[in-house]
Amino acid sequence: MTFPNEPQAVGRDLPRRDGAVKVLGTAAYAGENAPAGAAHLHAVQATIARGRVTELDTTAAEALEGVVAVLTPGSAERLAATENRELAVLQDEEVAFRGQVLALVVADSSEVARHAAALVRVGYAREEHDCELRADREDLYAPETVNPDFPTDTAEGDVDAAMAAAQVSVEATYTTAMYHNNPMEPHATAALWEPAGDGLLTLWDSTQGVHTTRAVVAPLFGLDEARVRVVCPYVGGGFGSKGQPHVNVVLAALAARAVPGRAVRLALTRQQMFSLTGYRTPTIQRCRLAADRDGRLTAIAVDVVEQTSRIKEFAEQTGVPARMMYASPNRRTTHRLAALDVPVPSWMRAPGECPGMFGPEVAMDELAERLGLDPIELRIRNEPDVEPGSGKPFSSRGLVGCLREGAARFGWSQRDPRPGVRRRGDWLVGTGVAASTYPVNRMPRSTATIRREGERYVAEIGAADLGTGTWTTLAQIAADALGEPVARVEVRIGDTAYPVASVAGGSSGMTTWGSAVVEAARAFRDAYGAEPPDGAQASGTVGPPDERYAMHAFGAQFAEAHIHADTGEVRVPRLLGVFAAGRIINPRTARSQFVGGMTMGLSMALHESSVLDPRTGHVVNHDFADYHITANADVDEIEAHWIPEHDPHVNAMGSKGIGEIGIVGTAAAVSNAVWHACGVRVRDLPITLDKVLHAWEERPGR
């Protein structure tokens, strides 16, 4: 990256610019931004998984003091577009899943709205439902593509022949659970229609992309995008669930339409989020690996079964990372879906790569065991020279460096490869490793504006900060691109009043928005030189990626697991991650992202599982009391490091994106460490003591 002056900001460990307002509690989130006097909204939800509403008695609710309006399919506005059935709320009486919104209550207070919603009496004509995911279903089908537009199936060579001729092979089935994103800030929206003319709709929404939300909402109400403004300066976490609008945005807009000139506020409850804001689909992964005696892979096959909703398809790209991770002359990946009477699945942190690296990375550990080969060495021996499938050279590929650096930091050389031989008191001790990867994504549409305002330079772009540090890192990029001290640069984001920006997802934020900011800064200096006048302004747009190269970030995850010899209790006191993610813009925010991802990976490994009762279609553990997530007490030490990586091909900054890769590989490393501790392979997440004990009981000689 060439700057007018020597860079001073990028790479510095600068504190978050939004840190003080968040710590002091003065940062206004979506639910707090509505104008004074806003009404409150609560939804009536279906208590059956499939059928039709035959009665909606709202008499008692409407009679309650403080109720402003009650909306039903008979009274709600007709939407201009209903193709997206997840968002086509209150348009008919059909029930497609348990928890679907059937009616809305608008009231002067949230308490009255919730009480009134409970008074609405609903009658149903029930239909037989199907909510059970199995790999042996006869109605599994192949989607046209998997998220976002990858081929559903791929094949190279002859996997079956290679498996039959293999000197050493592994064939096993691995499963990941249903996971709900559960950001601390619930999905919240406030809406206001201006009463004059055809109305301007303003949405204060907790979203990962204000422009994305506007682009989806405007056609629903038959509006030009210019008539919709979306505001979101701060987001209390999203993890993908706020990457595209869910029904809460439409509900708030519909309710506000019923009370023109008055804002309406909606904050979903934690329980409602389990049916209305997406989730990661459970997966069933049949993995097959074949190798020669030296550990060189001769075949890789991953066949994935997962679920989607009957009303809207979402196909997670679970098998995609196996297409490029290791060298092999024979390779196959497939995806099959079961369309069920369930809510619509969606993005969750590192979609595809996160669940898709679990099965193959545990299978690699099993292959290393059968070969009598160190699992790090096995991975190194199968490094590809070019990206499998495409044949493109890697812009940079730091996996081997991550594995070796991590091994040195973790003390891997002292590891006895035999399982179940280390013990500390009543605890069996083991260590495990797994690799991680995530693609470098650059979105095709983002524009930034640079303007001189007095002694400051202002960078404007409609980007989002999910707590990742965007307020700070964009200022660092703009400062160096302008050749100015970072203290003289102000960033303005989180509003459709600013130039269009892509969604904050797929680790694409800095790659995309930063590139636009650099282009804007270059255009600014080209137009005005070193002494621009007050009010001088220039814009820049992100350019296309360099299609000549395959671009990926890589990492290596290490875990230490302790298994209680009597109870089977699993603890993970130590996690270490080493990453190759290009140039690090801000070490402080980067370390936070890596550690956060690893923490979510540990949660996936040991705790998280949304338990859906197939008899009712209901996620029964739909709150933090029963949906367990990793807490501070669950791990003593988490370390995140990175290796220096110069990659001139990815973008002007040399960055690769870091929000997703921390979670990838972590659960596999934990599973591999559990096996090393006690000799038990747990292939079904989460790894709970009952699974360890059950496997112990079945072991010969125990």
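Residues numbered from 1 in each chain as written. Predicted model: local features only at pLDDT ≥ 70, side-chain atom pairs only at ≥ 80, totals over all residues. Heavy atoms only, no water.

1. Some details on helix α9 (residues 358-371)
(1) Moving on: With 14 residues, α9 should cover 20 Å at 1.5 Å per step; its first-to-last C-alpha distance of 20 Å lies within 8% of that length.
(2) Moving on: Of all 14 residues that make up α9, twelve are buried, and the element is covered over most of its length.
(3) Moving on: Of the residues trailing α9, glycine 372 is marked for its positive phi of about 70°. (Helix = DSSP H or I, 4+ residues; strand = E, 2+ residues; numbered from the N terminus. Expected span 1.5 Å × (residues − 1). Buried < 20%, exposed > 50% of the residue type's maximum accessible area, 1.4 Å probe, protein only.)

2. Comments concerning the sheet that holds strand β2 (residues 51-57)
(1) Moving on: With respect to topology, three strands assemble into an open sheet ordered β4-β2-β6, the strand pairing being antiparallel. What marks the edges here is a single partner per strand, and that holds for β4 (94-95) and β6 (121-126).
(2) Moving on: Note that β2 and β6 share six bridges and pair antiparallel. Within the sheet, the bridge partner assigned to valine 53 lies in β6 and is tyrosine 124. (Pairing = 2+ DSSP bridges.)

3. Looking at the sheet that holds strand β24 (residues 552-564)
(1) Moving on: Pairing is mixed across the open sheet formed by five strands, whose spatial order is β18-β19-β24-β25-β28. Strands with a single pairing partner mark the edges of an open sheet, and in this sheet they are β18 (422-424) and β28 (637-642). Strand after strand, the sheet turns through a mean of 25° between neighbouring axes, direction not considered.
(2) Moving on: Two strands pair when backbone bridges link them, and strand β25 (residues 570-580) and β28 are joined in this way by six bridges, in the parallel orientation. Bridging from a neighbouring strand, valine 578 pairs with histidine 641 of β28. (Axes fitted to C-alpha atoms, helices over the stretch in contact; angles between N-to-C directions.)

4. Things to note about the pairing of strand β16 (residues 297-309)
(1) Moving on: β16 sits mainly inside the fold: twelve of its 13 residues count as buried.
(2) Moving on: Sheet analysis places strand β15 (residues 283-291) next to β16, joined by nine bridges and oriented antiparallel. Note that in β16 the partner of arginine 288 across the bridge is alanine 301.
(3) Moving on: Here β15 folds back onto β16 in antiparallel fashion, the turn holding five residues, of which glycine 295 has a positive phi close to 90°.
(4) Moving on: Bridging between β16 and strand β17 (residues 331-340) involves ten bridges; their strand directions are parallel. When the bridges of β17 are listed, glutamine 307 appears paired with alanine 338.

5. Considering helix α5 (residues 210-220)
(1) Moving on: All of the buried residues along α5 are Val210, His211, Thr213, Arg214, Val217, Ala218 and Leu220.
(2) Moving on: Among the residues trailing α5, glycine 222 stands out with phi positive, at a value near 65°.

6. Re the packing of α9 against helix α15 (residues 666-678)
(1) Moving on: At a closest axis distance of 8 Å, the pairing of α9 and α15 adopts a crossing angle of 30°. The chirality of how α9 crosses α15 is right-handed. Across from Phe358, Glu361, Val362, Asp365 and Glu369 in α9, the residues of α15 making contact are Ala667, Ala668, Ser671, Asn672 and Trp675.
(2) Moving on: For the contact of α9 with α15, the per-class residue count stands at five nonpolar, two polar and three charged. (Left-handed = near helix turned anticlockwise from the far one by under 90°. Contact = heavy atoms within 4.5 Å. Nonpolar A, V, L, I, M, F, W, Y, C, P; charged D, E, K, R; others polar.)

7. Here we look at the environment of alanine 536
(1) Moving on: Checked against the element boundaries, alanine 536 lands in the loop between α13 (509-528) and β23 (537-541).
(2) Moving on: C-alpha separation for the pair alanine 536 and glycine 420, spaced 116 residues apart in sequence, amounts to 68 Å.
(3) Moving on: Beyond its immediate sequence surroundings of up to four residues, alanine 536 is in contact with Ile450, Arg451, Arg452, Phe524 and Tyr528.

8. Some thoughts on the pattern of salt bridges
(1) Moving on: Tallied over the full model, the rule gives 52 salt bridges.
(2) Moving on: Of the charged contacts, one joins glutamate 569 and arginine 571 as a salt bridge, the two residues approaching to 2.8 Å between their closest N and O atoms.
(3) Moving on: Among the salt bridges present, the one from lysine 656 reaches glutamate 645, with a minimum N-O distance of 3.2 Å. With lysine 656 in the loop between β28 and α15 and glutamate 645 in the loop between β28 and α15, this pair connects stretches of sequence that are eleven residues apart. As far as burial versus exposure is concerned, lysine 656 and glutamate 645 are alike and both buried. (Salt bridge = Lys/Arg side-chain N within 4 Å of Asp/Glu carboxyl O.)

9. Concerning the side chain of serine 610
(1) Moving on: Secondary-structure assignment places serine 610 in the loop between α14 (587-606) and β26 (612-613).
(2) Moving on: Here histidine 180 takes part through its side chain, which lies 2.7 Å from a polar atom of the side chain of serine 610.
(3) Moving on: Not counting chain neighbours up to four residues away, the residues in contact with serine 610 comprise Met178, Tyr179, His180, Phe274, Val619, Asn621 and Tyr627. (Polar contact = N/O pair within 3.5 Å; in protein donor to acceptor, adjacent residues only side chain to side chain.)

10. Let's talk about the confidence of the model for the protein
(1) Moving on: Per-residue pLDDT for the protein averages 96, and the proportion of residues at 70 or more is 98%.
(2) Moving on: In the predicted structure, residues 1-6 sits below a pLDDT of 50 and forms 16 contacts with residues beyond four places in sequence or in another chain. (pLDDT = per-residue confidence, 0-100.)

11. Here we look at the environment of leucine 403
(1) Moving on: Tracing the chain through its elements places leucine 403 in helix α11 (residues 399-410).
(2) Moving on: Residues in contact with leucine 403, not counting those within four places in the same chain, are Ile376, Arg379, Ile380, Val433, Ala556 and Phe558.

12. Overview of the environment of isoleucine 380
(1) Moving on: Within the fold, isoleucine 380 resides in helix α10 (residues 375-381).
(2) Moving on: A relative accessible area of 17% means that isoleucine 380 is categorised as buried.
(3) Moving on: Separated by 54 residues in the primary sequence, isoleucine 380 and tyrosine 326 place their C-alpha atoms 9.1 Å from one another.
(4) Moving on: Sequence-distant contacts of isoleucine 380, defined by excluding residues within four places in its chain, comprise Val400, Leu403 and Arg404.

13. A few points about the packing of helix α12 (residues 470-482) against α13
(1) Moving on: Between α12 and α13, whose axes approach to 9 Å, the crossing angle comes to 30°. Crossing geometry of α12 relative to α13 is assigned as right-handed. Facing Thr470, Thr473, Leu474, Ile477, Ala478, Ala481 and Leu482 of α12, the residues of α13 in contact are Met510, Trp513, Gly514, Val517, Val518, Ala521, Phe524 and Arg525.
(2) Moving on: Class assignment of the residues belonging to the contact of α12 with α13 gives a composition of eleven nonpolar, three polar and one charged.

14. Some words on the nonpolar core
(1) Moving on: Grouped together as the largest cluster of nonpolar side chains are 105 residues, with contacts concentrated most on Leu367, Phe558, Ile563, Val670 and Ile687.
(2) Moving on: Residues Leu14, Ala218, Ala256 and Val491 belong to the second largest nonpolar core, which totals 89 residues. (Core = buried A, V, L, I, M, F, W, Y, C linked by side-chain atoms within 4.5 Å.)

15. Here we look at unusual backbone geometry
(1) Moving on: Here the amide bond leading from asparagine 147 into proline 148 is cis, since omega sits at -10°, within 30 degrees of zero.
(2) Moving on: Its location among the elements puts proline 148 in the loop between β7 (145-146) and β8 (150-151).
(3) Moving on: The backbone phi angle of asparagine 182 is positive, close to 50°, even though this residue is not glycine.
(4) Moving on: Positionally, asparagine 182 belongs in the loop between β10 (168-176) and β11 (188-193).

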